[in-house]
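Descriptive structure summary
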Amino acid sequence: MRKRYLLLSVLVAIGFVATYYSQAIPSDIYPMGSYQLTCDNIVVENNSLTANCETINGAYKLTTLSNLPVCLNSITRDGDIGNIDGALMCLPDLP
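Residues numbered from 1 in each chain as written. Predicted model: local features only at pLDDT ≥ 70, side-chain atom pairs only at ≥ 80, totals over all residues. Heavy atoms only, no water.

1. Quick look at the side chain of Ser48
Looking at where Ser48 falls in the secondary structure, it is placed in strand S2 (residues 48-54). Exposure remark for Ser48: the relative accessible area of 15% places this residue in the buried category. Each residue touching Ser48, except ones within four places of it in the same chain, is listed here: Val43, Thr64, Leu65, Ser66 and Leu68. (Helix = DSSP H or I, 4+ residues; strand = E, 2+ residues; numbered from the N terminus. Buried < 20%, exposed > 50% of the residue type's maximum accessible area, 1.4 Å probe, protein only. Contact = heavy atoms within 4.5 Å.)

Below you can see the structure in the form of structure tokens.
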């Protein structure tokens, strides 16, 4: 009986750890930006940023921001990569 409880406890612990690590994606591997608040499944590949982003009506759509290095070079102080109605947008620093 004790072996069953021990086995069950171990399986539950493994489940919690697996769930945590499958959802815990460090945000520092993605470019900073407010888009992270309303976008998921974020991928950086081939100088592009792709994500599923929420629209105004609550639906999600796949969107890509091309030329990511150019965008990042234009954001040094108060610029942002944002989600504008389901579209990733580069919002460079204001002059």
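2. Notes on the environment of Met32
On the secondary structure map, Met32 appears in the loop between helix H1 (2-23) and strand S1 (39-45). C-alpha separation for the pair Met32 and Leu72, spaced 40 residues apart in sequence, amounts to 9.4 Å.

3. Some words on unusual backbone geometry
With glycine set apart, most residues show a phi of negative sign, and most peptide bonds adopt trans. Here the phi dihedral of Asn41 falls at roughly 50°; this positive angle occurs in a residue that is not glycine. Inspection of the secondary structure puts Asn41 in strand S1.

4. So, the environment of Gln36
For Gln36, the location among the structural elements is in the loop between H1 and S1. As for Gln36 and Cys53, which are separated by 17 residues in sequence, their C-alpha atoms are 8.9 Å apart.

5. Digging into the state of the cysteines
Under the counting rule described, the total for this entry stands at 2 disulfides. Note that Cys39 is cross-linked by a disulfide to Cys53, the S-S spacing being 2.1 Å. Every disulfide takes its handedness from the sign of the S-S torsion; for Cys39 and Cys53 that torsion is 110°, giving right-handed. With Cys39 in strand S1 and Cys53 in strand S2, this pair connects stretches of sequence that are 14 residues apart. (Disulfide = S-S within 2.5 Å.)

6. Observations regarding the confidence of the model for the chain
Predicted confidence across the chain gives a mean pLDDT of 79, with 71% of residues reaching 70 or more. Predicted confidence for residues 3-27 stays below pLDDT 50, and this span has 2 contacts to residues more than four positions away or in other chains. (pLDDT = per-residue confidence, 0-100.)

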